[in-house]
Amino acid sequence: MKDATIALHHGFKSDPTTKAVAVPIYQNVAFEFDNAQHGADLFNLDVPGNIYTRIMNPTNDVLEQRMAALEGGIAGLAVAAGSAAIHYAIQTLTQAGDNIVSTPQLYGGTYTLFAHLLPSFGVEVRFARDDSPEAIAELIDDKTKLVYCESIGNPAGNIVDIEGLAQAAHARNVPLMVDNTVATPILCKPIQFGADIVVHSVTKYVGGHGNSLGGVIVDSGNFPWAEHPQKFASLNTPEPAYHGVVYTEKFGPAAFIARARTVPLRNTGAALAPMNAFLLLQGLETLALRMERHTDNAIRVAQFLKDHPLVAWVSYAGLADHPHHELAHKYMQGKPSAILSFGLKGGYAAGVRFYDALQIFKRLVNIGDAKSLACHPASTTHRQMNEQEQAKAGVKPEMIRLSVGIEAIEDLLEDLDQALKQA
Ligand SMILES: *Cc1c(COP(=O)(O)O)cnc(C)c1O
């Protein structure tokens, strides 16, 4: 099936008891065992089935299967937020003394996790000097457990060479993990280009309506964990946190996702609420359609701003003059999602006036909503930094970041035009 069909049908036929067609919300914590043996078999992971919603839930299961199918992976794991998905995916492979290697331009929350929290637990994060496969390769050593990147960086909108990074990682027997939140599997499928693990904040475009947090990890099933038993000991030696199971023996190619579920999620509990899984599935049903409209609107907005006399610069990889335009064609058919940034000729003060004058674009810090959103980083998210620190983070005083929604394009352009005039 094609993406638009998978998003509507994969992983659920109709409820066997009631014949309901919408995915039921299993608002339920624990599931009954037929008898003691059945309970034991479930706990031994010998038979599939539900035990407790912290570990698995039938509503969440549909979201997991659908996201895995869209990404071309073998299995998925849904959790409470994108941040939890990233942390759990990394915890599945690392322990104190290990390191991971990352591209430098990242979502702010991921940067904080990497720069501060992971090191406090003894996991070193090595930020490459740039996104190139060469810069990544230089930092990989025997203790490196994964290479990390975002297919489209948030907020910079930079596009990474997924295939090049996968080659650099695989040459040293290390998996590539890609945050595909901004692109979504509709526009880009990192596994096709060699990624081994894909992580998502489904809070953004997948949910698409700004009403539920959620995260998903997708395992490609392709990385040969069992060929490197010492490097990936957590998947190849008896698991003390789960009565001695050896994941690669019990789960074969799905070893990674099985450990993510039974160790980080089971032990620390950032489980996705079934109600949120339902809302996120509602969003997912129309994702393919929305991404078409998001990207059509984004290129129109980018061109409008580029031609506007009050605008100094526009950064969107869908524009031919963007340095990553070629990469946008290779990895996302020239449609690099709908996040773009631009600067006003009038500097910081004009940026603030523009921001305050917006009528349709919402002033907030989120992306990927069906509604259009705007953020002025220098006066909000990056306010605590001085100008030097802001520059390092890629934030200019006059910069505005837009997440272009699916409203009628005429109304969006009119809103931008009136706000520019007031700025
Ligand atoms: C929002 C976001 C996250 C974090 O997701 P939450 O669901 O807010 O925890 C991670 N990565 C990217 C690229 C994001 O945009």
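The structure this text deals with has already been given above.
Residues numbered from 1 in each chain as written. Predicted model: local features only at pLDDT ≥ 70, side-chain atom pairs only at ≥ 80, totals over all residues. Heavy atoms only, no water.

> Describe the side chain of Asp-369, naming the residues involved and giving the relevant values.
Relative to the helices and strands, Asp-369 resides in the loop between β10 (362-363) and β11 (373-375). Within the local environment of Asp-369, its side chain forms a polar contact with the backbone nitrogen of Lys-371, the two atoms lying 2.9 Å apart. The residues touching Asp-369, leaving out its near neighbours within four places in the chain, are Gly-208, His-209, Gly-210, His-294, Ser-403 and Gly-405. (Helix = DSSP H or I, 4+ residues; strand = E, 2+ residues; numbered from the N terminus. Polar contact = N/O pair within 3.5 Å; in protein donor to acceptor, adjacent residues only side chain to side chain. Contact = heavy atoms within 4.5 Å.)

> Which residues make up the sheet that holds strand β8 (residues 311-315), and what values do they have?
The strand order across the open sheet formed by five strands is β8-β9-β12-β11-β10, and the pairing between neighbours is mixed. Only two strands of the sheet have a single partner each, and these edge strands are β8 and β10. Inspection of the sheet shows β8 paired to strand β9 (residues 339-344) by four bridges, in the antiparallel sense. Bridge pairing in β9 links Ser-315 to Ser-341. (Pairing = 2+ DSSP bridges.)

> Explain the site of the ligand to me, and be specific about the residues and the numbers.
With respect to spatial proximity, 14 residues lie near the ligand, and among them Ser-83, Asp-179, Ser-201, Thr-203 and Lys-204 are the closest. At a separation of 2.6 Å, an oxygen atom of the ligand approaches a polar side-chain atom of Ser-83. Here an oxygen atom of the ligand sits 2.6 Å away from a polar atom, N or O, in the side chain of Thr-203. When the free accessible area of the ligand is taken as 380 Å², the share hidden by the protein chains comes to 94%. The biggest single contributor to the shell around the ligand is helix α4 (residues 82-91), with three residues. Tallied by class, the residues present in the shell around the ligand amount to five nonpolar, seven polar and two charged. (Near = heavy atom within 4 Å. Areas by Shrake-Rupley, 256 points an atom, 1.4 Å probe, with all protein chains shown as cover. Nonpolar A, V, L, I, M, F, W, Y, C, P; charged D, E, K, R; others polar.)

> Can you tell me about the packing of α4 against helix α11 (residues 255-268), naming the residues and giving the values?
Remark: α4 packs on α11, axes separated minimally by 9 Å, with the N-to-C direction vectors making an angle of 115°. By the angle class used here, α4 and α11 are roughly perpendicular. Handedness of the α4/α11 crossing: right-handed. Side by side, α4 and α11 meet where Tyr-88, Ala-89 and Gln-91 of the first sit next to Phe-256, Arg-259, Pro-264, Leu-265 and Thr-268 of the second. Residues of the contact of α4 with α11, tallied by class, amount to five nonpolar, two polar and one charged. (Axes fitted to C-alpha atoms, helices over the stretch in contact; angles between N-to-C directions. Parallel < 35°, antiparallel > 145°, perpendicular 65-115°, else oblique. Left-handed = near helix turned anticlockwise from the far one by under 90°.)

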